[in-house]
Amino acid sequence: MLLWINGPFGGGKTQTAHELHRRLPGSVVCDPEEVGFGLHRMTPRPLRADFQDLAAWRHGVHEVLDLVLRRHVGGPVIAPMTLVEPAYFAEIVGRLRDDGHDVHHHALLARRETVLRRLTERGLGRGLKRESFAVAKLDHCLERLARPEFARHLHTDHMTVPQVAEEIAASADLRLLPDTYGPLRHRLRRLRIGLRHIRLD
């Protein structure tokens, strides 16, 4: 089973993916962004654009997820990735479904001000300065992801990360381990995950 967690940048995809991973024994997180980072590192800076526009990224993500879904037997595969172009969505998610894989897609939506607040919180004291790309893409992402082809939609304005993970698991008939973390431990874990996913290049 593939759990594809979609949403705008700053919408909580990565945090939700790792909460699911923590509470689903045998699950793996396969982040499609890593394929894009690799392609960017191969490309001179002046030539770098949106890696999703590269056919190599779309084919690579499909190939890797297809491989993992066929050979990983421990538990669900979790892919957190913003994907708002319908043609690209069909090329990856639609093709995986056509291949016979059990794909559960969830778009995490929230009001614009909620996403901006979340982006500010992860800005490490610099506010939205280091999130200019995410802010520039926000309205486009929210508009696209609200369309029917990107269902199932999950509105997260008043939900915690564990609640979002529980909703996704329930919709896929998956049973999560009990959440034994208190508020402080959840906060520290979110901080650690956020720091681990900061891009330095």
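Every value quoted in this text rests on a predicted model; they were computed, and no experiment measured them.

A separate point is the pairing of strand β4 (residues 103-109). Of all the 7 residues making up β4, 7 are buried; the element is thus mostly covered by neighbouring parts of the structure. Taking every second residue as pointing to the same face, both faces of β4 are buried, with V103, H105, A107 and L109 on one and H104, H106 and L108 on the other. Relative to β4, strand β1 (residues 2-6) runs parallel, the two being bridged by 5 bridges. Each residue of the ladder has a partner; that of N6, found in β4, is A107. Pairing geometry for β4 and strand β5 (residues 153-155), over 3 bridges, is parallel. In the sheet register, L108 faces β5, and the bridge partner there is L154.

Throughout the structure, instances matching the rule amount to 4 aromatic pairs. Consider the rings of F9 and F133, whose centres lie 5.2 Å apart with planes at 65°: the pair is edge-to-face. Placement of F9 in the loop between β1 and α1 (13-23) and of F133 in helix α6 (residues 132-145) is noted, with a sequence separation of 124 residues between them. By relative accessible area, which is 47% here, F133 ends up partly exposed.

Moving on to the environment of H62. Following the sequence through the fold, H62 ends up in helix α3 (residues 55-71). Judged by relative accessible area, which is 5%, H62 ranks as buried. C-alpha separation for the pair H62 and G94, spaced 32 residues apart in sequence, amounts to 9.9 Å. Not counting chain neighbours up to four residues away, the residues in contact with H62 comprise I92, R95, L96 and D99. Side chain to side chain, H62 and D99 meet in a polar contact 2.7 Å long.

Cut-off values and rules
- Here the residue numbers are simple positions, counted from 1 along each chain's written sequence.
- Where totals are concerned, whole chains, interfaces and linings use all residues; where local detail is concerned, this predicted model gives features only for residues with pLDDT of at least 70, and gives and counts side-chain atom pairs only at 80 or more.
- Water and hydrogen atoms play no part in the side-chain values, which are based on all heavy atoms of the structure.
- A 1.4 Å probe rolled over the protein chains alone gives each residue an accessible area, and that area as a share of the maximum for its type sets the label: buried under 20%, exposed over 50%, partly exposed in between.
- Per the convention used, a helix needs a DSSP run of H or I reaching at least four residues, while a strand needs a run of E reaching at least two, with both numbered from the N terminus.
- Strands are labelled as partners when DSSP assigns at least two bridges between them.
- Aromatic pairs are defined between Phe, Tyr and Trp rings, using the six-membered ring for Trp, whenever the two ring centres lie within 6.5 Å; interplanar angles under 30 degrees are classed as stacked, those over 60 as edge-to-face, and all others as tilted.
- The contact criterion used throughout is that any non-hydrogen atoms of two residues lie within 4.5 Å.
- Side-chain atoms alone can form a polar contact between residues adjacent in sequence; in general such a contact is a pair of N or O atoms within 3.5 Å, and within protein one must be able to donate a hydrogen while the other accepts it.

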